[in-house]
There are 2 protein chains.
Amino acid sequence: MRAVDVIAKKRDGGELTAEEISFFIQGYTRDEIPDYQASAWLMAIYLRGMTDRETEHLTLAMAHSGDVLDLSDVAPLVVDKHSTGGVGDKVSLVAAPTLAALGLPVGKMSGRGLGFTGGTLDKLESIPGYRSDHTTQAFKDQLRRIGIVLTGQSADLAPADGKLYALRDVTATVPALPLIVGSVMSKKIAGGANAIVLDVKVGSGAFMKTVAEATVLAETMVRIGRSLGRRIVALLSDMNQPLGWAVGNALELREAIDTLRGGGPPDFYAHCIEVVAEMLLLVERAGDLDAARALAAQAITSGAAWEKFTALIAAQGGDVPTVEHPERLPQARLVEPLPAPADGFLQRVDAAQVGLAVMALGGGRAKKGDALDHAVGVVTHVKVGDRVSRGAPLLTLHANDAQRLAEARERLLAAHIIGPQAVDPLPLFYGRIALP
Amino acid sequence: MRAVDVIAKKRDGGELTAEEISFFIQGYTRDEIPDYQASAWLMAIYLRGMTDRETEHLTLAMAHSGDVLDLSDVAPLVVDKHSTGGVGDKVSLVAAPTLAALGLPVGKMSGRGLGFTGGTLDKLESIPGYRSDHTTQAFKDQLRRIGIVLTGQSADLAPADGKLYALRDVTATVPALPLIVGSVMSKKIAGGANAIVLDVKVGSGAFMKTVAEATVLAETMVRIGRSLGRRIVALLSDMNQPLGWAVGNALELREAIDTLRGGGPPDFYAHCIEVVAEMLLLVERAGDLDAARALAAQAITSGAAWEKFTALIAAQGGDVPTVEHPERLPQARLVEPLPAPADGFLQRVDAAQVGLAVMALGGGRAKKGDALDHAVGVVTHVKVGDRVSRGAPLLTLHANDAQRLAEARERLLAAHIIGPQAVDPLPLFYGRIALP
């Protein structure tokens, strides 16, 4: 088999076989197929697409490019959730310990944030001492011992994905459906989870801008997951404004801590409950969603989720007193309100711009490996549909540099559209994709 | 400007500006843009196409990636012909000296043969001593002195083309219209010719399999050439069987010598006359095609073309007695006929397979830099439409290796379809493309 023939077949719209896809992915992972052939292939996939069968083969080939965890010796059923990435999305910080408190082992490996979306690990690393470099053995040991791990992506899991992602990033082939599906699902398959709740974000702060696009992505991932023997469901959730109030690593962690302790923003709390409830339904721990939601809420109000969270922090070397007293988390030097420029209603938010403003403050990465300032970010005070009064704060900026603060202020002002017409609040969810 | 943005624009079907194309071509030529970005861009061009305006910008950017020859100090009008490549295509060997004999300076730089098509240089290099490594100054001096040069492509002319071609070859992006046009026309523009006859081959032994495809290619090249100030015409010529009788380097050279001396295969002779006549019309040396054909024929029958040919060989260091006594050219050790397996008519030839058979005998290159055996090849004895008798030779094989000969024999037998039904002979030409 020759790489150029596999490229030509996809170029001409042919359906690649499992052998052809596996040949290409293995060859690329082992440096036998060069970047320049892989990028031509990726562009052909971008423009010609892939059938479900091809996407499934791609997912499997990427999963099997490295180790595939078998967690059956730890627990018969390990669960995981995955978000396609949004602004202010700290759901894992609450949902994972809540699920673990309900007796479902959560073994989760996360990437780091890139661009305008944050990463779960970056938020947790606001805590002094927190480590996210588990070996496979340490991952299994902790999962067995306390039923929860939130750690980094091992280089041994789905190495093809890391290599392909770096190439996609510089060849304009990131937003291709089969490649997104392959990237997400291969890591989930390699990570060993048996049941997966996908949180597919839709809107101005997400990769998928429309419900239609997000639906296609979610349906494809659910079909692929199912055909690979996973229990899987996808939620389509709103990302036309930040989730919750806080955007920024330590600020989001504080908000998650508040939520685990029974407070926090109502939209974020409701979102976490829904994700947990969907998982309970998926693993048949509840007969319907209402019963599942009640179980989820109870795990939080009882303090069980909070207890699991502190156990997690302790197990991963984090300083527990810091999370118990979150005012000890990194704090920015400059904290300033952004006053509303007019009376009216918050009609629309460009959520990506809010994410980019936080990135510009130092809270995100333009490229892999960039350092982060955990303290900076914004805390919003209004949601779309809320009435605002001229001069009252739209949000509060947390910055460590006056120049950057001024730039972020401009960007944030432009990202919030205020008008005289009342508008409806945004829904939290647009739908759920489950196979019968 | 960022390469990734230019890739994304083409990926989404946008029309690239002159600046964007020039940025990419210059960046790639200077190794500032890596292969893996160039190949993604090439695949996007393959699948999204380019407008005429983009193709013109691409051609110019590639031409200006290196030196652009200005031959105005040599002659006000320098002519060139270019073939898209076929099996048995030795037209330049006859047309160029005929044109020069008629007083039109021919400055031609050729590539080497690759795959199933031969290269003019490879044929000339059957002659001991023949050199094809002119400097620009030597090129100009010889053109001024004897009015004809047939040499190799200088590395300083359109270097982007060589680099891009090597990449296209391994990324399945060779047969893309704008890239073919850019490759051919950039070299012609950089080579300094003012008037160009394009010979676009159509059929089983050509890149373009149908008249429709070839017409689109020819029209595009003619439009681009015209918009860049060149006199240009394109012929669509048959490549559903080898041109002439001989296929193979020294064998083709002998056939060209025979033709220049008044013999040779009728189809090949007629083809050469037509190419020369089109050029005479293009530069207004004749009022109509019939008058032009008469001039061309006269240049051959008078011996003027032959005289120019020997002057060319001498000027480029070749051994003139060898061309005067072509039996001294390299000869193969094994010369064997291929008998027709049945009575009937030659109905169809797979010309590419004939080319591949010669390549397998050692007469062509699978990849750049491969060594050639000048002596090997085949001499066909029948044309499509001819009656054949079982046992009479279809062609004669010239080989230097018994194993290779046996393999070529099988391939050639399969490539010649003989049946009981009479079929019409193939036309020489399918049309001509000229702008008013």
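**Side note on the packing of aromatic side chains**
All names here are of chain A.
Moving on, step 1. Inspection of the entire model under this criterion finds 4 aromatic pairs over all chains.
Moving on, step 2. Ring geometry for F24 and W41: centres 4.1 Å apart, planes at 15°, overall stacked. Here the residue F24 occupies a position in helix α2 (residues 18-29), and W41 occupies one in helix α3 (residues 35-48), the gap between them amounting to 17 residues.
Moving on, step 3. The class for F24 is buried, based on a relative accessible area of 1%.
Moving on, step 4. Note on W41: relative accessible area 1%, which makes it buried.

**As for the domain arrangement of chain A**
Residue and element names in this part refer to chain A.
Moving on, step 1. Domain boundaries assigned for chain A yield domain 1 (3-49), domain 2 (79-326) and domain 3 (332-419).
Moving on, step 2. Distance from the C-alpha centre of domain 1 to the C-alpha centre of domain 2: 31 Å.
Moving on, step 3. Across the contact, 12 residues belong to domain 1 and 13 residues belong to domain 2.
Moving on, step 4. Buried area between domain 1 and domain 2, both sides added, is near 1100 Å², and the carbon and sulfur share of it is 80%.
Moving on, step 5. Interface area lost by domain 1 to domain 2 is led by Y28, L42 and Y46, which between them contribute 50%.
Moving on, step 6. Run the count over domain 1 and domain 2 and you get 2 residue pairs in polar contact (both at pLDDT 80 or more).
Moving on, step 7. Of all the secondary-structure elements, those providing two or more residues to the side of domain 1 that touches domain 2 are α2 and α3.

**A closer look at unusual backbone geometry**
Moving on, step 1. For A172(A), which is not glycine, the phi dihedral falls at a positive 60°.
Moving on, step 2. By the element assignment, A172(A) lies in the loop between α8 (159-170) and α9 (177-191).
Moving on, step 3. Residues other than glycine seldom take positive phi values, yet E284(B) does so here, at roughly 60°.
Moving on, step 4. You can see E284(B) is positioned in the loop between α12 (266-282) and α13 (289-301).

**A word on the sheet that holds strand β8 (residues 344-349) of chain A**
All names here are of chain A.
Moving on, step 1. Ordered in space as β10-β8-β12, the 3 strands form an open sheet in which the pairing is antiparallel. Every interior strand has two partners, whereas the edge strands, β10 (387-388) and β12 (416-419), have only one.
Moving on, step 2. In the sheet, β8 pairs with β12 via 4 bridges, with the strands oriented antiparallel. From the neighbouring strand, V349 faces β12, where its bridge partner is H416.

**Here's the deal with the relation of the copies chain B and chain A**
Moving on, step 1. If you rotate chain B by 179° and push it 0.1 Å along the axis, it lands on chain A with an RMSD of 0.1 Å. Classification of the inter-copy transformation places it as that of a two-fold axis. When C-alpha positions in chain B are compared against the rotation axis, the closest is assigned to Y36(B), at 1.8 Å.
Moving on, step 2. Interface overlap between copies is the fraction of interface residues in one copy that are interface residues in the other; for chain B against chain A it reaches 100%, indicating a shared surface.

**Some thoughts on the interface of chain B and chain A**
Moving on, step 1. With 22 residues of chain B in contact, the opposing surface of chain A contributes 22 residues.
Moving on, step 2. Interface area for chain B against chain A, summed over the two sides, is near 1700 Å², with a carbon-plus-sulfur share of 72%.
Moving on, step 3. Where chain B packs against chain A, one counts 0 salt bridges.
Moving on, step 4. Among the secondary structure elements, those contributing two or more residues to the side of chain B that touches chain A are α1 (3-11), α3 (35-48) and α8 (159-170) of chain B.
Moving on, step 5. Here the side of chain B that touches chain A is composed, by residue class, of 13 nonpolar, 4 polar and 5 charged.

**Side note on the environment of V202(A)**
Moving on, step 1. Residue position: V202(A) is located in strand β4 (residues 195-202).
Moving on, step 2. With sequence-adjacent residues up to four places away left out, V202(A) is seen in contact with M208(A), K209(A), T210(A), V211(A), A214(A), L236(A), S237(A), D238(A), M239(A), N240(A) and Y430(A).

**Topic: helix α1 (residues 3-11) of chain A**
Side chains that are three or four residues apart share a direction in an α-helix, a result of its 3.6 residues per turn.
Moving on, step 1. Of all 9 residues that make up α1(A), 7 are buried, and the element is covered over most of its length.
Moving on, step 2. In this structure, the buried side of α1(A) is in contact with α2, α3 and α4 (52-63) of chain A together with α3 and α8 of chain B.
Moving on, step 3. Downstream of α1(A) by a residue or two, G13(A) has a phi angle that is positive, lying close to 85°.

**Here we look at the pairing of β8(A)**
Note on strand geometry: in a regular strand, side chains alternate between the two faces of the sheet.
Moving on, step 1. The pairing of β8(A) with β10(A) spans 2 bridges and is classified as antiparallel. Bridge pairing in β10(A) places F345(A) opposite R387(A).

**Remarks on the sheet that holds strand β8 (residues 344-349) of chain B**
Residue and element names in this part refer to chain B.
Moving on, step 1. With antiparallel pairing, 3 strands are arranged side by side in an open sheet as β10-β8-β12. Pairing within the sheet leaves two strands with one partner each, and these edge strands are β10 (387-388) and β12 (416-419).
Moving on, step 2. On the sheet, helix α17 (residues 402-415) packs against β8 and β12 and is oriented at approximately 45° with respect to β12.

**Observations regarding the confidence of the model for chain A**
Moving on, step 1. Confidence in the prediction for chain A averages 94 pLDDT; 100% of positions are at 70 or higher.
Moving on, step 2. Reported confidences for the modelled complex are a pTM of 0.85 and an ipTM of 0.84.

**Quick look at α3(A)**
Residue and element names in this part refer to chain A.
Moving on, step 1. Counted at 1.5 Å a residue, the expected span for α3 with its 14 residues is 20 Å, and the 19 Å between its end C-alpha atoms agrees.
Moving on, step 2. Taken together, the buried positions of α3 are Q37, A38, S39, A40, W41, L42, M43, A44 and I45.
Moving on, step 3. Two residues or fewer after α3 comes G49, characterised by a positive phi angle close to 75°.

**Points about the packing of α3(A) against α8(A)**
Residue and element names in this part refer to chain A.
Moving on, step 1. Where α3 meets α8, the closest approach of the two axes is 10 Å, and the angle between their N-to-C directions is 70°. Between α3 and α8, the angle is such that the two are roughly perpendicular. Here D35, A38, S39 and L42 of α3 lie close against α8, whose contacting residues are L164, L167 and R168.
Moving on, step 2. Tallied by class, residues from the contact of α3 with α8 come to 4 nonpolar, 1 polar and 2 charged.

**Let's talk about the packing of α1(B) against helix α2 (residues 18-29) of chain B**
Residues and elements named next belong to chain B.
Moving on, step 1. At a minimum axis distance of 10 Å, the contact between α1 and α2 shows a crossing angle of 125°. Put simply, α1 runs oblique to α2. Like other packed secondary-structure pairs, α1 and α2 cross with a definite hand, here left-handed. On α2, the residues that touch A3, V6, I7 and K9 of α1 are E20, F23 and F24.
Moving on, step 2. Here the contact of α1 with α2 is built from residues that sort into 5 nonpolar, no polar and 2 charged.

**Describing the side chain of H398(B)**
Residue and element names in this part refer to chain B.
Moving on, step 1. Structurally, H398 is set in strand β11 (residues 393-399).
Moving on, step 2. Owing to a relative accessible area of 14%, H398 belongs among the buried residues under this scheme.
Moving on, step 3. With residues near it in sequence (within four places) discarded, H398 still touches L251, A332, L334, V335, L361, A375, V376, G377 and V379.

**Digging into the pattern of salt bridges**
Moving on, step 1. Tallied over the entire structure, the rule returns 50 salt bridges over all chains.
Moving on, step 2. Residue D89(A) is joined to K201(A) by a salt bridge in which the shortest nitrogen-to-oxygen separation is 3.8 Å. Of the two residues, D89(A) is situated in the loop between β1 (79-83) and α5 (91-101) and K201(A) in strand β4; the sequence distance between them amounts to 112 residues. Pair check on accessibility: D89(A) and K201(A) agree, each one buried.
Moving on, step 3. With a closest N to O distance of 2.9 Å, R53(B) and E15(B) form a salt bridge. Remark: E15(B) occurs in the loop between α1 and α2 and R53(B) occurs in helix α4 (residues 52-63); sequence separation between them is 38 residues.
Moving on, step 4. When salt bridges with common partners are traced through the structure, they connect D73(A), K140(A), D141(A) and R144(A) into a single cluster.

**Observations regarding the environment of L356(B)**
Residue and element names in this part refer to chain B.
Moving on, step 1. You can see L356 is positioned in helix α16 (residues 351-363).
Moving on, step 2. Remark: the alpha-carbon pair of L356 and A408, spanning 52 residues in sequence, is separated by 8.5 Å.
Moving on, step 3. Setting aside its immediate chain neighbours within four residues, L356 contacts F116 and R411.

Calculation criteria
- Residues numbered from 1 in each chain as written.
- Chains lettered and ligands numbered in written order.
- Predicted model: local features only at pLDDT ≥ 70, side-chain atom pairs only at ≥ 80, totals over all residues.
- Heavy atoms only, no water.
- Phe/Tyr/Trp six-rings, centres within 6.5 Å; stacked < 30°, edge-to-face > 60°.
- Helix = DSSP H or I, 4+ residues; strand = E, 2+ residues; numbered from the N terminus.
- Buried < 20%, exposed > 50% of the residue type's maximum accessible area, 1.4 Å probe, protein only.
- Domains from an automatic or database assignment.
- Contact = heavy atoms within 4.5 Å.
- Buried area = accessible area lost by both parts, 1.4 Å probe.
- Polar contact = N/O pair within 3.5 Å; in protein donor to acceptor, adjacent residues only side chain to side chain.
- Pairing = 2+ DSSP bridges.
- Least-squares fit on C-alpha atoms with pLDDT ≥ 70 in both.
- Salt bridge = Lys/Arg side-chain N within 4 Å of Asp/Glu carboxyl O.
- Nonpolar A, V, L, I, M, F, W, Y, C, P; charged D, E, K, R; others polar.
- Axes fitted to C-alpha atoms, helices over the stretch in contact; angles between N-to-C directions.
- pLDDT = per-residue confidence, 0-100.
- Expected span 1.5 Å × (residues − 1).
- Parallel < 35°, antiparallel > 145°, perpendicular 65-115°, else oblique.
- Left-handed = near helix turned anticlockwise from the far one by under 90°.

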